[in-house]
Amino acid sequence: MTDAERYLEGRWRRILARTPTRGPSSWLVEFLAFGLKQAWACVFGGALLAVIVAVRLWYPSDAALARNDFLTLAAVAIQVVMVATRLETWRELRVIVLFHVVGTVMEVFKTDVGSWAYGADGVLRIAGVPLFSGFMYAAVGSYLVRVYRLFDLRFTRYPPVWVTAVLAGAIYLNFFTHHYVWDLRWILVAATIVVFGRTVMSFRVFRWTGRMPVLVAFALVAVFIWLAENIATLSGAWSYPDQEGGWQLVSAAKLVSWALLMIISVVLVTWVYPPRAPDDAE
């Protein structure tokens, strides 16, 4: 953990240490600790989403600074604060920047082929894509690197890293090629199940250490990203073609895309945090 996180964890651990170790009260403590850690892991994405909603509600329509440019500057400010306050390390910043680059490249392509669209205001953009869009991918990266260390994630039967890298590369390529040739997403879903089907993730909350199939974890994170995406589109950050006539829920089919994106995200995070086995594993 970073110095700031070690200080905060030390304080709340001293408080929780006085709570019961058994019975419903102990379960409630573990539930609260889980929620606090998840909220802490989401601090970058939560702050960015809060700014997007606030801009939608209160940003002046006649402001000299375009709304999209304000969002970009706000995202940069959030990232600077995260590093300056040591909530993220420079080591982690490398993978977050990589998330930003990978996401922006895909955004430029997807908007060009009409998959979704952003408002035309602002000058801080690349080929029609506001620069704040890359920070939304960076928020996913920030969450993953933080949740990895906050929960001390360990993996049983983790597949060879080179296999996961090949799978992630194929998934990323399919996000582009499916516009021109056969969409391989369901084959890639099947490949993901084969590659990660036996992998189990261990995570430490407070006193309790839980276990979960990693595929379930991928699906749960995809659901929460989809929920955040609905809030962002409702706030006008971008829109899909079927939302041009009025906002509606983002298609549930996007859950598959987000689940596949999780594979890319996990592979990028292993660049900073190589997967580790539980301490009791041979």
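Okay, so let's go over this structure. (Residues numbered from 1 in each chain as written. Predicted model: local features only at pLDDT ≥ 70, side-chain atom pairs only at ≥ 80, totals over all residues. Heavy atoms only, no water.)

Things to note about helix H7 (residues 161-177)
Note the following rule: Under the scheme used here, helices are H or I runs from DSSP no shorter than 4 residues and strands are E runs no shorter than 2 residues, and both carry numbers assigned from the N terminus. The length a helix should cover is 1.5 Å for every residue beyond the first. Each residue is placed in one exposure class: buried if its accessible area under a 1.4 Å probe, protein chains only, is under 20% of its type's maximum, exposed if it is over 50%, and partly exposed if it falls in between. A contact between two residues is defined here by any heavy atoms of the two lying within 4.5 Å.
If you check H7, its first and last C-alpha atoms are 24 Å apart, about what 17 residues at 1.5 Å a residue would give, namely 24 Å. Turning to H7, its buried residues number three or more, namely Thr164, Leu167, Ala168, Ile171, Tyr172, Asn174, Phe175 and Phe176. Residues of H7 that are buried sit in contact with helix H5 (90-112), helix H8 (185-196) and helix H10 (254-269).

Some remarks on unusual backbone geometry
With glycine set apart, most residues show a phi of negative sign, and most peptide bonds adopt trans. Residue alanine 127 is not a glycine yet carries a positive backbone phi of 50 degrees. Examined against the element boundaries, alanine 127 turns out to sit in the loop between strand E1 (125-126) and strand E2 (129-130). Of note in this structure, aspartate 152 is not a glycine but carries a positive phi near 50 degrees. Within the fold, aspartate 152 resides in the loop between helix H6 (132-150) and strand E3 (154-156).

Details of the pairing of strand E5 (residues 209-213)
The condition that has to hold: Pairing between strands is defined by DSSP: at least two bridges between them are needed.
Of the two faces of E5, only the one carrying Gly210 and Met212 is buried; Thr209, Arg211 and Pro213 on the other face are not. Where strand E4 (residues 200-204) and E5 come together, five bridges link them in antiparallel fashion. Within the sheet, the bridge partner assigned to methionine 201 lies in E5 and is methionine 212. The turn linking E4 back onto E5 is made up of four residues.

With respect to the nonpolar core
The tendency in soluble globular proteins is for nonpolar side chains to be buried side by side. Selection criterion: Among buried residues, the Ala, Val, Leu, Ile, Met, Phe, Trp, Tyr and Cys ones that are joined through side-chain atoms within 4.5 Å form a nonpolar core.
Formed by 80 residues in total, the largest nonpolar core has its most connected members in Leu48, Leu153, Ile171, Phe175, Trp238 and Ile264. The biggest single contributor to this core is H6, with 13 residues. Apart from residues no more than four positions distant in its own chain, isoleucine 171 is found in contact with Leu188, Thr192, Leu260, Ile263 and Ile264.

Some points on a nonpolar patch on the surface
Convention followed: For patch detection, residues must exceed 30% relative accessible area and be free of salt bridges, and they are connected within 9 Å for like charges or within 5 Å for nonpolar side chains (Val, Leu, Ile, Met, Phe, Trp, Tyr). Only the protein chains shown count as cover for residues, and the accessible areas themselves come from Shrake-Rupley with a 1.4 Å probe. Note on definitions: salt bridges are taken to be side-chain nitrogens of Lys or Arg within 4 Å of carboxyl oxygens of Asp or Glu.
On the surface, Val113, Tyr180, Val181, Trp182, Leu184 and Ile187 cluster together into a nonpolar patch covering about 630 Å² of accessible area. Checked against the element boundaries, valine 113 lands in the loop between H5 and E1. Judged by its relative accessible area of 30%, valine 113 falls in the partly exposed class.

Quick notes on the packing of aromatic side chains
Formally: Each aromatic pair joins two rings of Phe, Tyr and Trp (for Trp, the six-membered one) with centres within 6.5 Å, and gets the label stacked for planes under 30 degrees apart, edge-to-face for over 60, and tilted for any other angle. Ring-over charges, as used throughout, are those where CZ of Arg or NZ of Lys falls within 6 Å of the ring centre and within 35 degrees of the ring normal.
Under the counting rule described, the total for this entry stands at 16 aromatic pairs. Centroid distance phenylalanine 109 to phenylalanine 176: 4.9 Å. Interplanar angle 55 degrees. Geometry classified as tilted. Note that phenylalanine 109 is positioned in helix H5 and phenylalanine 176 in helix H7, a separation of 67 residues in sequence. On the accessibility criterion, phenylalanine 176 (16% relative accessible area) is buried. Above the face of the phenylalanine 151 ring, lysine 37 is positioned so that its terminal group lies 5.3 Å from the ring centre. Taking the ring centre of tryptophan 271 as reference, the NZ or CZ of arginine 94 above it sits at 5.0 Å.

Focus: the sheet that holds E3
Going by this rule: Angles shown run from 0 to 180 degrees and are taken between the N-to-C directions of axes, each axis being a line fitted to C-alpha atoms and, for helices, limited to the stretch in contact.
Spatially, the three strands line up as an open sheet ordered E3-E4-E5, and their pairing is antiparallel. Both outer strands of the open sheet, E3 and E5, are each paired with one neighbouring strand and no more. Taking each pair of neighbouring strands and ignoring which way they run, the sheet shows an average axis angle of 25 degrees. Here three bridges tie E3 to E4, and the two strands are oriented antiparallel to one another. By the bridge assignment, phenylalanine 155 is partnered in E4 with methionine 201. Each of E3, E4 and E5 is contacted by helix H9 (residues 214-234), which is oriented at about 85 degrees to E5, the strand it contacts most.

Remarks on the packing of H8 against H9
Inclusion rule: What sets the label is the angle itself: under 35 degrees gives roughly parallel, over 145 gives roughly antiparallel, 65 to 115 gives roughly perpendicular, and the rest give oblique. Polarity classes work like this: nonpolar for Ala, Val, Leu, Ile, Met, Phe, Trp, Tyr, Cys and Pro, charged for Asp, Glu, Lys and Arg, and polar for all others, with Gly in that last group.
With their axes 9 Å apart at the nearest point, H8 and H9 run at an angle of 135 degrees to one another. Relative to H9, the element H8 lies oblique. Contact residues: Thr192, Ile193 and Phe196 in H8; Val214, Leu215 and Phe218 in H9. Looking at side-chain class alone, the contact of H8 with H9 contains five nonpolar, one polar and no charged residues.

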